[in-house]
Structures are given as C-alpha cells and as structure tokens.
Amino acid sequence: MLSRLAAALVPVVGRLTVSADIPRLPEGGAVIVANHTSLADPAVVLAALRRMGAEPVVLCAAGLWRIPLLGRALTREGYVPVHRGTARAADALARAEAALRAGRHVLVYGEGRIPDRPDSADAPPEAFRSGPARLAASVGAPLIPLGQAGARRITSGSTAKQLAGLLTAPLRRPRLHVHVGAPPQLPTDTVAATDLARQAVTAAWRSAANQRTIKGVRRACSHVGATGERDREPSPATLRRPAASQRFKDRI
C-alpha cells in the first residue's frame, strides 16, 4: 500500500525519472542501499522502485510507529523499526535478514540520518554505518546501490521551510531522478565492504544528480526555442551520460 501511495503522490509534487545500470532488480531478495537527504526521499525511492517492479521492506526510525495511522500501516507492510542507540538496535538486522530469506527486497539508508543542512542543494552521501554491509553478508544477498537527487527541493531545512516546500511543491514540481547501480562485489571485511558500499551509492547519486541536471538543461533549451528565440545547445560535457542508463531509462 505504501509503495502504491508513493507512486500516486510523487508525480503530484515533482517530476520523477528513473534510470539503471541493470535491466532489472535481482530475484530472491536484495539489500537496496540509498542515500538519505530529505524527509521526502523515502517516497521518491519507493515510487521509483515500484516502476522497477519492487515493493521493498524498509528499515525506518522506530519513532514513526508512534504516529497512529502510519504506525499501523508500517506494521502491515512488514517494515522494520530501528531503535537507534538501544539494546534493541540489533533486532532490526534480524528482522531484515528474515525478510531477505523470504525473498523480499530490503531498503536501507546507509547514512542512517538526514544531513543537518539548511540549504536545498544535493551533496554526496555522508559516512555509512556498517549495517547494510553486514546485512548483505549475513544472507549472501546482493547489495544494490541507489542514488536519488532532487528530494531536498521538496523538503529540507527548518520545520517552517519544510512545510513551505511541501505546500508549494505541487506548483513548482521540482525535477527528481533516481539511479540504480549495479551490485558491487563486496569484500569479506566489514569496514572495507562498508566503504565500497558508500562508493557505489555515491556513484549512483552522481549519476542521478547529473541526469537531473541534463533534463533541466534540455527543458530550458526547449522552452527558449518554443518562444521563438535562438536555441541554446548544452555543452557535450553537460549532456554526457552512461549508455546503459539511457537504454534502461527509455524502457521505463
């Protein structure tokens, strides 16, 4: 239900596009690791993954279960509460392992928190926690890096700014892009695997940020041409993109 809701709501507040380096997500369960930038990006990521045929179990902050209607929905969907800084924190990995063994995809945020910045700009992922790498290793599941860009244009900064951003998003409809990368071969060492996972998600984020910018430039150029003024061509460097990403994007 939550994935369907995200797929219905995200097009109202933004223009979402999706690309990938792989033709489809692996069957039999995978650990999907995304960068976390905004309160809005879980909906953006769920909407993108649904386009790829996946409705994952998500590891979420346990505080969300205190919101009555949302808490019941999270439980019904099989989402996993994360009790950070408590003795119950390890329970989340155990429940996520069970979901993977049952063939579900599991969505995890490697950073474990939203960056504390007032601006709405995108930035590379911050330091990762070891949970995603340990989870993938525990069941031998592939780790799928996912990068998203643009969600901070919906909500970011102070509470007042986030409310204003959410209320005006349907008018602004900021450009959003999600890019799914190929699973890296993780080393057995947890520290090295965590570092590699962050590198892979950072690469996916850069692809998402670049393609979001490219689409914005092309739209601006198209608008200029439509007004009867001279078209302005983007530079070759601006329009550079991975060929595999383009092939998959055209299909979805």
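Look up: the structure comes first, before these words.
For the structure given in this document, a descriptive report is provided here. (Residues numbered from 1 in each chain as written. Predicted model: local features only at pLDDT ≥ 70, side-chain atom pairs only at ≥ 80, totals over all residues. Heavy atoms only, no water.)

Across its full length, the chain carries 8 helices and 7 strands. Within the chain, buried positions represent 45% of all 252 residues. By sequence separation, contacts in the chain at least 24 residues apart represent 78% of the contacts at least 6 residues apart. Summed over all atoms, the accessible surface of the chain reaches about 12600 Å², with 56% contributed by carbon and sulfur. (Helix = DSSP H or I, 4+ residues; strand = E, 2+ residues; numbered from the N terminus. Buried < 20%, exposed > 50% of the residue type's maximum accessible area, 1.4 Å probe, protein only. Contact = heavy atoms within 4.5 Å. Areas by Shrake-Rupley, 256 points an atom, 1.4 Å probe, with all protein chains shown as cover.)

Below, the discussion takes up the nonpolar core. Counting residues in hydrophobic clusters, the biggest one holds 36 residues, and the most contacted among them are Leu-16, Leu-25, Leu-107, Leu-146 and Val-180. Broken down by element, the residue count for this core peaks at 6 residues, all from helix H2 (residues 41-51). Apart from residues no more than four positions distant in its own chain, Leu-16 is found in contact with Val-10, Val-44, Ala-47, Ala-48, Arg-51, Leu-176, His-177 and Val-178. Grouped together as the second largest cluster of nonpolar side chains are 20 residues, Val-33, Ala-99, Leu-100 and Val-108 included. (Core = buried A, V, L, I, M, F, W, Y, C linked by side-chain atoms within 4.5 Å.)

Our focus in this paragraph is the packing of helix H4 (residues 89-101) against helix H5 (residues 131-139). Between H4 and H5, the least distance of the axes is 10 Å, while the angle of their chain directions is 45 degrees. Here H4 lies oblique to H5, going by the angle between them. Considering only the axes of H4 and H5, their crossing is right-handed. Facing H4, whose interface residues are Leu-93, Ala-96, Glu-97, Leu-100 and Arg-101, H5 presents Gly-131, Arg-134, Leu-135, Ser-138 and Val-139. Class assignment for the residues of the contact of H4 with H5 results in 5 nonpolar, 2 polar and 3 charged. (Axes fitted to C-alpha atoms, helices over the stretch in contact; angles between N-to-C directions. Parallel < 35°, antiparallel > 145°, perpendicular 65-115°, else oblique. Left-handed = near helix turned anticlockwise from the far one by under 90°. Nonpolar A, V, L, I, M, F, W, Y, C, P; charged D, E, K, R; others polar.)

Turning next to the environment of Arg-129. Along the chain, Arg-129 turns up in the loop between strand S5 (106-109) and H5. When the C-alpha positions of Arg-129 and Glu-111 are compared, they lie 6.0 Å apart, and in sequence the two are 18 residues distant. A polar contact of 3.4 Å, which involves the side chain of Arg-129, links it to the backbone oxygen of Glu-111. (Polar contact = N/O pair within 3.5 Å; in protein donor to acceptor, adjacent residues only side chain to side chain.)

Bringing the sheet that holds S5 into the picture now. One open sheet accounts for 7 strands, arranged S1-S7-S6-S2-S5-S3-S4; its pairing is mixed. Looking at strand neighbours, the two that pair on one side only are strand S1 (15-20) and strand S4 (80-82), the edges of this open sheet. Geometrically, the sheet is characterised by an average inter-axis angle of 25 degrees between neighbouring strands, direction not taken into account. Across 4 bridges, strand S2 (residues 31-34) lies against strand S6 (residues 143-149) in parallel orientation. Looking across to S6, one finds that Val-33 is bridged to Pro-145. (Pairing = 2+ DSSP bridges.)

In short, the description is geometric, and any link to function would need to be established separately.
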